[in-house]
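Below, each chain spelled out in residue letters.
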Amino acid sequence: MEKGLTVRRIVIAGVLGAIAILLGVTRLGYIPVPTAAGNATIMHIPAVIGGIMEGWGVGMIIGLIFGVSSFLNATVPLFKDPLVAILPRLFIGVTAYLTYVGLKNVNQYLAIGAAGFIGAMTNTILVLGMAVIRGYMPFGVATTVAVTSGLPEAIVSVIVTLAVVAAWKKIGSAGRQKSKISGDL
């Protein structure tokens, strides 16, 4: 992987950031659920994909976009706090990247799926942890939300991340053609 900020990284961060903005502005990224969280989200997925495809920096930028969107579109008091809405989201793409890098030599599919799961759980655990620390909810409620919303979000993240990244990288394709999008084999 190339070091530093490249045109490719800027473009991919821009495209995935635009998807995150679209999901936030249209509210398509927030799925209403009858839990204390109020919404389940798929908005972490672009940050996960960005982290896997282009590194922790791109993942962090997209996570920032997700966090700011969450903050600006907040309908519940805990997400009107930037320490809850923004700060935890910075780490989604970072943990996804580190998970992917740590496992990619074992198995690409495992690495991508695990990165999708860890990125989603990073969002859940850090947001709910900060909500508990800041006094917005008791630990028991946070645990219930993590199980009822966080685990389904993580499962969806695994499925979508696997589909998008495997297609993008052309993993398992019959020919060993060079991808025009990713430049990978």
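Here the structure is shown first, and the text comes after it.
Note that this is a predicted model, so its numbers are computed, not measured.

Asks: Explain the packing of aromatic side chains to me, please; I cannot follow it from the model alone.
Replies: All chains considered together, the criterion is met by zero aromatic pairs. The aromatic ring of F66 is capped on one face by R89, whose charged end is 4.1 Å from the ring centroid.

Asks: Please clarify how helix α1 (residues 7-25) should be interpreted in this entry.
Replies: Side chains that are three or four residues apart share a direction in an α-helix, a result of its 3.6 residues per turn. In a regular helix each residue adds 1.5 Å, so 19 residues correspond to 27 Å; α1 covers 26 Å between its end C-alpha atoms and thus fits that length. Listed as buried for α1 are R9, I12, A13, L16, G17, A20, L23 and G24. Down the axis of α1, the smallest arc covering the buried residues is 130°, so these residues share one side. For α1, the exposed residues lying more than 90 degrees away from the buried face are V7 and V25. Taken together, the buried residues of α1 touch β1 (30-32), α2 (44-54), α3 (56-72) and α7 (139-169).

Reading guide: rules and limits
- Residues numbered from 1 in each chain as written.
- Predicted model: local features only at pLDDT ≥ 70, side-chain atom pairs only at ≥ 80, totals over all residues.
- Heavy atoms only, no water.
- Phe/Tyr/Trp six-rings, centres within 6.5 Å; stacked < 30°, edge-to-face > 60°.
- Lys NZ or Arg CZ within 6 Å of the ring centre and 35° of its normal.
- Helix = DSSP H or I, 4+ residues; strand = E, 2+ residues; numbered from the N terminus.
- Expected span 1.5 Å × (residues − 1).
- Buried < 20%, exposed > 50% of the residue type's maximum accessible area, 1.4 Å probe, protein only.
- Arc of directions from axis to C-beta.
- Contact = heavy atoms within 4.5 Å.

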